[in-house]
Every structure is written in C-alpha cells, then in structure tokens.
Amino acid sequence: MPRIVVDVMPKPEILDPQGKAIVGALPRLGFTAFSGVRQGKRFELTVDGEVTEEILEQARNAASTMLSNPVIEDVVNVEVLAEDTEAERA
C-alpha cells in the first residue's frame, strides 16, 4: 500500500528544547561533528489504492490543519513514499 510522508518542524524562531537537549548530549556520547539539532515530527499516511493528485491535496490540507500547529510549526514536506516490502522495512 502506498504511503504519504508528512514532515513537520518547529518554526525557526521557536525555541526547540528537545533539540537543545539532544545537541548537548551528542558530544557526551562521542558525536562531536554536530553543532545544532531541531527535532520535528514525521507522519506516514497509508493510502488504499493509488495516490492521486486529489489524495495528495487532501494530505497537504490535513498536514496544514490537523497534523501541525501553524502558530509554531511549518509543514516542510509532503510526498509519496516509494513502496517497499515489509521485509525491507524490518
């Protein structure tokens, strides 16, 4: 079954305490190459049947009205995920 992926990130001007905590922990774990982290959300919407332009538009509307808080978050990506098998995902 095809899936549509929606990625949501905090707006750049919004403080990201989770990202700040992660970037502080990375060097303690030996990951020293990273100077910043922003944590977002990823949604995978499963579609029964073919993904049409109409269904993709519905996903965009859901992303902007229900899956994100437009006051503090931006929808940064809405795309059809290439189909794969359950074995490849495991």
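This one's a predicted model, so the numbers in the text were calculated from it and none came from an experiment. Sequence order as written defines residue numbering, which begins from 1 separately in each chain. Owing to the predicted nature of the model, reporting of local features is limited to residues with pLDDT of at least 70; listing and counting of side-chain atom pairs is limited to 80 or more, with chain, interface and lining totals taken over all residues. For the side-chain quantities, the full set of heavy atoms in the structure was used; hydrogens and water were omitted.

A. Up close: the overall build of the protein chain. Helix and strand labels come from DSSP, where a helix needs a run of H or I of at least four residues and a strand needs a run of E of at least two; each type is numbered from the N terminus. A count of helices and strands for the protein chain gives three helices and three strands. Along the protein chain, helices and strands appear, N-terminal first, in the series β-α-β-α-β-α. Relative to the 2.2 N^0.38 estimate, which gives 12 Å for 90 residues, the radius of gyration of the protein chain is 16 Å and therefore markedly larger than a compact globule would have. Judged by the C-alpha coordinates and their principal axes, the protein chain covers about 45 × 35 × 15 Å. Relative accessible area decides the class of each residue, using a 1.4 Å probe on protein chains only: under 20% of the type maximum gives buried, over 50% gives exposed, and in between gives partly exposed. Looking at the protein chain residue by residue over its 90 residues, the buried ones come to 23%. Restricting the contact set of the protein chain to residue pairs at least 6 apart, pairs at least 24 apart contribute 75%. For accessible areas, the Shrake-Rupley method is used with a probe of radius 1.4 Å. Any residue's cover is judged against the shown protein chains and nothing else. Accessible surface for the protein chain amounts to roughly 6,400 Å². Of this, 56% is attributable to carbon and sulfur atoms. Neither His nor the chain termini are counted; the positive set is Lys and Arg, and the negative set is Asp and Glu. Where a charge lies is defined by one atom per residue type, namely NZ (Lys), CZ (Arg), CG (Asp) and CD (Glu). Taken together, the 9 basic and 16 acidic charged side chains of the protein chain have centroids lying 12 Å from each other. Between the two quantities, the radius of gyration covers C-alpha atoms and the globule rule is 2.2 Å times the number of residues to the power 0.38. Contacts are assigned to residue pairs with any non-hydrogen atoms lying within 4.5 Å of each other.

B. Spotlight on a nonpolar patch on the surface. Exposure above 30% relative accessible area and the lack of any salt bridge qualify a residue for a patch; like charges then connect within 9 Å, and the nonpolar side chains Val, Leu, Ile, Met, Phe, Trp and Tyr within 5 Å. We define a salt bridge as a side-chain nitrogen of Lys or Arg found within 4 Å of a carboxyl oxygen belonging to Asp or Glu. A cluster of nonpolar side chains, namely L29, F31 and F34, defines an oily patch on the protein surface of about 340 Å² accessible area. Tracing the sequence through the fold places F34 in the loop between α1 (17-25) and β2 (41-46). Overall, F34 belongs to the partly exposed group, its relative accessible area being 47%.

C. View of the side chain of D16. With respect to the helices and strands, D16 occurs in the loop between β1 (3-10) and α1. Buried and unpaired, D16 has R38 as its nearest opposite-charge partner, separated by 4.3 Å.

D. View of the pairing of β1. Taking burial as the measure, the eight residues of β1 include six buried ones, the bulk of the element. In this analysis, strands are considered paired if DSSP registers two or more bridges between them. Inspection of the sheet shows β1 paired to β2 by six bridges, in the antiparallel sense. Its bridge partner being in β2, I4 is matched across the sheet by L45.

Remember that the coordinates give geometry; whether it matters functionally is a separate question.
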